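Close look at the chain arrangement
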Amino acid sequence: MRSHHPRPSALPRFARLALVPAVLLPFAGGPAAADPAEVDRLKTMLESYVGHPAAGEPSAVAVTQVGEDYEIAVDLDRLTAPLKALGLDARLGRNVSRLTRRSDGTWAWRGDTFDPWSWSAAGQTGRLAFQGYHAEGIFDPALAAFRTQTMTIDRIASEQTVPPEGETPRIAIAKTDEGVRLTASAAPAASGAGVDATVVQTTRSTAETFSLSEGLAQGIPDMEATLKVASTRIEANIDGFRTDPFLAMWRHLVAHHAPEDFKAGQAALKARIADLGPLFEHLHETASADGIEFETPVGFGSIGRASISLDTAGATEIGKVDFTLALTGVELHSLFIPGWAARLIPTDVTLHATASGWNAKNALAAFLEKADFAAEKPLSDEASAEIRDLLLPQGTFEIDFSGNRIHASSWDMTLDGHLTAGEIGATGSITIRAVGLDAAANALRDPKAGPEAAKAAAEIEQAISLAEARDGALWWRFDFDGTAVSVNGHTLVEGATPKKKGGPGESPAKPEGGGTKL
């Protein structure tokens, strides 16, 4: 039977970090109006997530009835006190918020205070301060997640010093984020298990300064570098996040985290891990930063936009990860970059790859069955081999390259292809197409450019000598067969050819068409 204790929002990692107060404030079901008995119920339930106090010790959680509201205060300093034994002194203050039961059975949550954070470890120090903080949301116990949630912070200022006190040179890092806003929403998963959630985090502007000092004795002058970002945006969409088993695992680890719990109590721990299933079905996350400017004592530069995209499956039978990194409008200026080199620096870059072909679900199930956390060697060699076979049913995984491009003012290059990777190298091909490299090499041979430019020209010409010229471009097709590599039919590296799984002596078939051509 489903527990209707409200719980923290099911959000991606960065969002859970940004919404610490929300994460620490699950809710419990109860009567429609405020009830003194609800105070004890809320307190006990909250302690299951942050830890029950030891005998004779005060609780880190305080719940107070205020009219029809419940005020929740969490003493974060008390929660972090055990970290002092590990050398980390964290001072996070208290987090205070309020809950109000709504007529539809959901809870309204709001908070307007966020104490400054500070920490020190091994002589290094840090501080984080929040101005203009406000957060609110509607929590649905039936979902074990917030249906809607919003957080705004006018300004986040952080300071950090490294290395430890007494060591030089000293590095001080100061960062300010202005206009931080995070919104989140969740609904029953379309797959029928867990929730589908969307989180969007934006920042109006960011400024960061790196200062180096006290290094004169080592011949290092004081210097400063700055980084400015006009705006940032992070969006995450997570499908089928398993809120109930995730929070059950959280409670289990809070209650059973001693070393012996992972040995004698491993059956219960494994059951919790198994209940998580894939944890989520699918995650798609994008992050972008616009108007990036940086300045150092040796030069300055800018990037119009930097973006990252990540698309991945959970611990499912069909494993897949897709990753893209893109930079546009790149400019670098430095006294140490000669004019001839400036023409070779890329202005736009797109890097993309997709990997697939593993079975995390079956491999995890076998791991939980075979592993003995109490043993000096948790897995036998035979069990490890069995898990590897289950993880890669075909003995290989696929890597696809498409849409890769590097563009500079004087040249342009694209890359495409497909590889099947296994225990012994990979099979498949990668094709590179370039335009303008020959002209760039000719320009570098100008005597006025100097000997370093001539050396760069020679290296480019060596690569050109292996290329095939057609359609107004230079082409390189790299064929991989195990550890053997050839380019345009010419052997570069001789090596062993992999054997097909289950077929000794057979060579694996290459991808249809011999690889992707541009």
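Within any chain, residue numbers begin from 1 and follow the written order of that chain's sequence. Per-residue local features of the predicted model are confined to residues with pLDDT of at least 70, and side-chain atom pairs are confined, for both listing and counting, to 80 or more; whole-chain, interface and lining totals are unaffected and use all residues. Think of the side-chain values as coming from all heavy atoms in the structure, minus any hydrogens and water.

1. As for the packing of aromatic side chains
In this scheme Phe, Tyr and Trp rings, the latter by its six-membered ring, pair at centre separations within 6.5 Å, and the angle between planes marks the pair as stacked below 30 degrees, edge-to-face above 60, and tilted otherwise. The tally for this structure, following the rule as stated, stands at 11 aromatic pairs. Ring centres of Trp117 and Phe130 lie 5.7 Å apart, and the angle between their planes is 75°; this geometry places the pair in the edge-to-face category. With Trp117 in strand S6 (residues 117-121) and Phe130 in strand S7 (residues 124-140), the pair connects residues that are 13 residues apart, well separated along the chain. In this scheme, a residue with accessible area under 20% of its type's maximum is buried, one over 50% is exposed, and one in between is partly exposed, where area comes from a 1.4 Å probe on protein chains only. A residue is classified by how much of its surface remains accessible, and Phe130, at 16% relative accessible area, is buried. By the ring-pair criterion, three or more aromatic residues cluster together here, those being Tyr49, Phe241, Phe246 and Trp250. Remark: a charge is flagged as sitting over a ring if the NZ atom of Lys or the CZ atom of Arg is within 6 Å of the ring centre and within 35 degrees of the ring normal. Lying over the aromatic face of Trp475, Arg470 brings its terminal NZ or CZ to 4.0 Å of the ring centre. To qualify as a helix, a DSSP run of H or I must reach at least 4 residues; to qualify as a strand, a run of E must reach at least 2; elements of each kind are numbered from the N terminus.

2. Considering the pattern of salt bridges
By definition, a salt bridge exists where a carboxyl oxygen of Asp or Glu is found within 4 Å of a side-chain nitrogen of Lys or Arg. For the coordinates displayed, the defined rule picks out 21 salt bridges. Between Asp140 and Arg147 there is a salt bridge whose closest N-O contact spans 2.6 Å. Assessed through its relative accessible area of 34%, Arg147 is described here as partly exposed. Put simply, Glu468 and Arg470 hold a salt bridge, and the shortest N to O gap is 2.9 Å. Residue class for Glu468 comes out partly exposed when judged on its relative accessible area of 37%. By sharing partners, the salt bridges in this structure join Asp69, Glu71, Arg98 and Arg110 into a single network.

3. With respect to the environment of Arg343
Structurally, the position occupied by Arg343 is in the loop between helix H7 (339-342) and strand S16 (346-356). The class for Arg343 is partly exposed, based on a relative accessible area of 36%. Between the C-alpha atoms of Arg343 and Ala408, which are 65 residues apart in sequence, the distance is 7.1 Å.

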